[in-house]
Amino acid sequence: METRFTRGKSAILERPLSRPKTEVSVSAFALLFSEVVQYCQSRVYSVSELQARLSDMGQKVGGSLLDVLVLREKNGKRETKVLNILLFIKVSVWRALFGKEADKLEQANDDDKTYYIIEKEPLVNTFISVPKDNSTLNCAAFTGGIVEAILTNSGFPAKVTVHWHKGTTLMIKFDEKVIARDKALEGK
């Protein structure tokens, strides 16, 4: 009787618990993301409102993505230092989202609470045609929302804004208390 249920297949109890990493085709992602942009664009009146709406959608994705990646990559352990969480985002989060690391991670020369993640050609901007009257539109605001949610939910409250500079730059401004806590951890 047991062979009737498992004929030609492995028993469900013998399958591994961890899911294999899967990839989504770029064309499927491009279609879905362009529909998201069009949906948001039909409900706003300005470029800044559109970017804010994309950022809000990205924050919803980032909150869920953090939980999954912390379990998969870190075995449930969260980061406690600013540089470590930024490297986690630059490497693990970018690899999970886009299949590669972010191009650069830099700290501002004049401000210890400002960091930059630089992506020369972000995937979210690749298949979006921007009209000339909306030339300031940067759809990477969606990615900025993901990063902001990951930082905030990890205990590093920050504001992430997206700018056109060296490609696309995500400017991360941490709260003062985050930098004070990080300096106190370094002193121990």
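Just above, that's the structure.
The following paragraphs examine the structure supplied in this document. Small disclaimer: the values here were computed from a predicted structure and weren't measured. (Residues numbered from 1 in each chain as written. Predicted model: local features only at pLDDT ≥ 70, side-chain atom pairs only at ≥ 80, totals over all residues. Heavy atoms only, no water.)

### Focus: the overall build of the protein chain
Looking only at helices and strands, the protein chain features 7 helices and 4 strands. Reading the protein chain from its N end, one meets helices and strands in the order α-α-α-α-β-β-α-α-β-β-α. Residues classed as buried in the protein chain amount to 37% of the 188 residues present. Restricting the contact set of the protein chain to residue pairs at least 6 apart, pairs at least 24 apart contribute 55%. Of the accessible surface of the protein chain, which amounts to about 12,000 Å², a share of 54% is contributed by carbon and sulfur atoms. (Helix = DSSP H or I, 4+ residues; strand = E, 2+ residues; numbered from the N terminus. Buried < 20%, exposed > 50% of the residue type's maximum accessible area, 1.4 Å probe, protein only. Contact = heavy atoms within 4.5 Å. Areas by Shrake-Rupley, 256 points an atom, 1.4 Å probe, with all protein chains shown as cover.)

### Some words on the environment of Gln41
Mapped onto the secondary structure, Gln41 falls in helix α2 (residues 26-41). Note: C-alpha distance between Gln41 and Leu54 (13 residues apart in sequence) is 9.4 Å.

### Digging into the pattern of salt bridges
Per the stated rule, a full pass over the model turns up 9 salt bridges. With its nearest N and O atoms 3.2 Å apart, the salt bridge here joins Asp67 to Arg78. With Asp67 in helix α3 (residues 47-74) and Arg78 in the loop between α3 and α4 (82-98), this residue pair connects regions lying 11 residues apart in the sequence. Judged by relative accessible area, which is 39%, Asp67 ranks as partly exposed. Put simply, Glu119 and Lys100 hold a salt bridge, and the shortest N to O gap is 2.4 Å. Here Glu119 is found in strand β2 (residues 114-119), whereas its partner Lys100 is found in the loop between α4 and β1 (104-107), with 19 residues between them in sequence. According to the relative accessible area criterion, Glu119 is buried, its value standing at 4%. Several salt bridges converge on common partners, so that one network encompasses Lys90, Arg95 and Glu101. (Salt bridge = Lys/Arg side-chain N within 4 Å of Asp/Glu carboxyl O.)

### Describing the sheet that holds strand β4 (residues 168-174)
The antiparallel open sheet is built from 4 strands, whose spatial order is β1-β2-β4-β3. Strands with a single pairing partner mark the edges of an open sheet, and in this sheet they are β1 and β3 (158-164). Direction aside, the axes of adjacent strands within the sheet are offset by 20° on average. When β1 meets β2, the two strands line up antiparallel, connected through 4 bridges. Bridge pairing in β2 links Gln107 to Tyr115. (Pairing = 2+ DSSP bridges. Axes fitted to C-alpha atoms, helices over the stretch in contact; angles between N-to-C directions.)

### Focus: helix α7 (residues 176-187)
Helix length check: α7 (12 residues) gives 17 Å between terminal C-alpha atoms against 16 Å at 1.5 Å per residue, within 8%. Here α7 has its buried residues at Val178, Ile179 and Asp182. Along the axis of α7, the buried residues cluster in a sector spanning 95°; they form a single face. Exposed positions of α7 whose direction lies more than 90 degrees from the buried face are Glu176, Lys177 and Gly187. For α7, the secondary structure elements touched by its buried residues are α4 and β4. (Expected span 1.5 Å × (residues − 1). Arc of directions from axis to C-beta.)

### Re the state of the cysteines
Simply put, disulfide is the name for a covalent bond between the sulfur atoms of two cysteines. Taken as a whole, this structure holds 0 disulfides when the rule is applied. Sulfur of Cys40: no disulfide; nearest cysteine sulfur belongs to Cys139 and is 9.3 Å away. (Disulfide = S-S within 2.5 Å.)

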